[in-house]
Amino acid sequence: MSAVAVPLPRRRPGVRTVYVWELVKLSAQKRTYMGLGAAVLVPLIFIVALATSSGGPEEIPFGRYVRDSGLAIPLVGLFFGSIWFFPLVTALVAGDIVAAEDGNGTLKTILTRSVDRWQIFTGKTLAALSYTFLALFLYVVVGLVIGGLIWGFNPLVSLSGTHISVGRGLALIGAGGLAYFMPMIAVASIALMLSTLSRNSAAAVVGTLMISLIMQLLGAINALSFLHPYLLSEQFNAWQGFLRTPIDWAPIGHAAWVSAAYAIPALAVSFTAFVRRDVAGG
């Protein structure tokens, strides 16, 4: 008597499958390479400007040390990047990742597949955050490597005036980058919310930039100083806590919960709107 083959049930695709597919789609989009290319190009432009002139950004943290150690280059870059660069780079993809599906008419097809809507949303969110982290990583590494090759991988002077060894300096730059990533998550969450609600990529990108610039403006008004600690734009400076001796954890912890206070509601709104999307009505 021959054995009867019992077909195994097919495993339904999950968050990992959606995440990988979203990364594949991002790798085929021009705006992905525009953002990543800018993350490489901007620190190069800054380094060329320093190498061909005698002045420097001495008024900002680590600005006076840019020609003494290449380790100072990415730190100065982080300070300038928060003003407009990273909100724009983040919004390019996070503001498009849902709205583009609406614009192309493919969202209805995706929502009617065997994958649950929460899995699609989670995969898209993780893909947008992965792109955001990669942009930050490239930005820091390019500034660090090229700056170090030109001005040397020398010890760094901390914001407290103490000398930091090269090895510890590299570790603190990495930790500072992770602290910098916290408000970037919040910016990406806001862009994702606008992308889901507006169903328009341009509106989501511009809207994210407008929110970022408004916060920058509020941060410059002294009469509103009571708001400054709670502005998302101010949390981009939390990384400086790692570059003090001893490490100042207060701004880092503060940035963590303030960034979460922006990110969690934005993600909740976009998640609710996404899973309740009326497929028949678009």
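See the structure printed just above.
Quick summary incoming for the structure in this document.

Conventions we followed
- Residues numbered from 1 in each chain as written.
- Predicted model: local features only at pLDDT ≥ 70, side-chain atom pairs only at ≥ 80, totals over all residues.
- Heavy atoms only, no water.
- Core = buried A, V, L, I, M, F, W, Y, C linked by side-chain atoms within 4.5 Å.
- Buried < 20%, exposed > 50% of the residue type's maximum accessible area, 1.4 Å probe, protein only.
- Contact = heavy atoms within 4.5 Å.
- Helix = DSSP H or I, 4+ residues; strand = E, 2+ residues; numbered from the N terminus.
- Polar contact = N/O pair within 3.5 Å; in protein donor to acceptor, adjacent residues only side chain to side chain.
- Axes fitted to C-alpha atoms, helices over the stretch in contact; angles between N-to-C directions.
- Parallel < 35°, antiparallel > 145°, perpendicular 65-115°, else oblique.
- Left-handed = near helix turned anticlockwise from the far one by under 90°.
- Nonpolar A, V, L, I, M, F, W, Y, C, P; charged D, E, K, R; others polar.
- Phe/Tyr/Trp six-rings, centres within 6.5 Å; stacked < 30°, edge-to-face > 60°.
- Expected span 1.5 Å × (residues − 1).
- Arc of directions from axis to C-beta.

Topic: the nonpolar core
One recurring pattern in soluble globular proteins is that nonpolar side chains are buried together.
Part 1 of the reasoning: Core analysis: the biggest nonpolar cluster contains 68 residues, and Phe62, Leu75, Leu136, Tyr180, Trp239 and Leu243 have the highest contact counts within it.
Part 2 of the reasoning: The residues touching Phe62, leaving out its near neighbours within four places in the chain, are Ala72, Leu75, Val76, Leu156, Val157, Ser158, Leu159, Trp239 and Leu243.

Quick look at the side chain of Ser69
Part 1 of the reasoning: Relative to the helices and strands, Ser69 resides in the loop between helix H2 (30-51) and helix H3 (72-81).
Part 2 of the reasoning: With relative accessibility at 2%, the residue Ser69 sits in the buried group.
Part 3 of the reasoning: At a separation of 2.7 Å, a polar atom in the side chain of Ser69 contacts the main-chain carbonyl oxygen of Asn154.
Part 4 of the reasoning: Apart from the residues within four sequence positions on either side, Ser69 is in contact with Trp151, Gly152, Asn154, Pro155 and Leu156.

Focus: the packing of H2 against helix H7 (residues 117-151)
Part 1 of the reasoning: Between H2 and H7, whose axes approach to 9 Å, the crossing angle comes to 25°. As far as their axial angle goes, H7 and H2 are roughly parallel. In the crossing of H2 with H7, the sense of the turn from one axis to the other is right-handed. Between H2 and H7, the residues in contact are Arg31, Thr32, Gly35, Leu36, Ala39, Val40, Val42, Pro43, Leu44, Ile47, Leu50 and Ala51 and Tyr131, Leu134, Ala135, Leu138, Tyr139, Val142, Gly143, Ile146, Gly147, Ile150 and Trp151, respectively.
Part 2 of the reasoning: Across the contact of H2 with H7, the residue classes break down as 18 nonpolar, four polar and one charged.

A look at the packing of aromatic side chains
Part 1 of the reasoning: Under the defined criterion, the tally for this structure stands at 14 aromatic pairs.
Part 2 of the reasoning: A ring pair is formed by Trp84 and Phe85, whose centres lie 5.7 Å apart and whose planes are at 85°; its orientation type is edge-to-face.
Part 3 of the reasoning: Classification of Phe85 by relative accessible area gives buried; the value is 3%.
Part 4 of the reasoning: Ring pairs connect the aromatic residues Trp84, Phe85, Phe86, Tyr139, Tyr180 and Phe236, which therefore count as one cluster.

Here we look at the environment of Leu44
Part 1 of the reasoning: As for its placement among the helices and strands, Leu44 is situated in helix H2.
Part 2 of the reasoning: Remark: the alpha-carbon pair of Leu44 and Tyr139, spanning 95 residues in sequence, is separated by 9.3 Å.
Part 3 of the reasoning: When residues no more than four places from it in sequence are discounted, the contact partners of Leu44 are Val142 and Ile146.

Regarding H7
Part 1 of the reasoning: Its 35 residues place the ends of H7 51 Å apart at the C-alpha level, agreeing with the 51 Å of an ideal helix rising 1.5 Å per residue.
Part 2 of the reasoning: Of the residues flanking the end of H7, it is Gly152, one or two places downstream, whose phi is positive at about 95°.

Concerning helix H9 (residues 201-219)
Three- or four-residue spacings in an α-helix give side chains the same orientation, since the helix completes a turn every 3.6 residues.
Part 1 of the reasoning: If you check H9, its first and last C-alpha atoms are 27 Å apart, about what 19 residues at 1.5 Å a residue would give, namely 27 Å.
Part 2 of the reasoning: Buried within H9 we find Ser201, Ala204, Val205, Gly207, Thr208, Ser212 and Met215. In an axial view of H9, the angular spread of the buried residues amounts to 165°, which keeps them on one side of the axis.
Part 3 of the reasoning: The opening residue of H9, the one whose side-chain oxygen lies 3.1 Å from the backbone nitrogen of Ala202, is Asn200.

A look at the environment of Leu170
Part 1 of the reasoning: Among the secondary structure elements, Leu170 is positioned in helix H8 (residues 166-198).
Part 2 of the reasoning: Its relative accessible area of 37% is what places Leu170 among the partly exposed residues.
Part 3 of the reasoning: Sequence separation between Leu170 and Leu156 is 14 residues, and the spatial gap between their C-alpha atoms is 9.7 Å.

Some words on the packing of H8 against helix H10 (residues 250-275)
Part 1 of the reasoning: Remark: H8 packs on H10, axes separated minimally by 8 Å, with the N-to-C direction vectors making an angle of 20°. With respect to their mutual orientation, H8 and H10 come out roughly parallel. Crossing handedness for the pair H8 and H10: left-handed. Mapping the contact onto sequence places Met182, Pro183, Ile185, Ala186, Ser189, Ile190, Leu192, Met193, Thr196 and Leu197 in H8 and Ile252, Ala255, Ala256, Ser259, Tyr262, Ala263, Ala266, Leu267, Val269, Ser270, Ala273 and Phe274 in H10.
Part 2 of the reasoning: For the contact of H8 with H10, the per-class residue count stands at 18 nonpolar, four polar and no charged.

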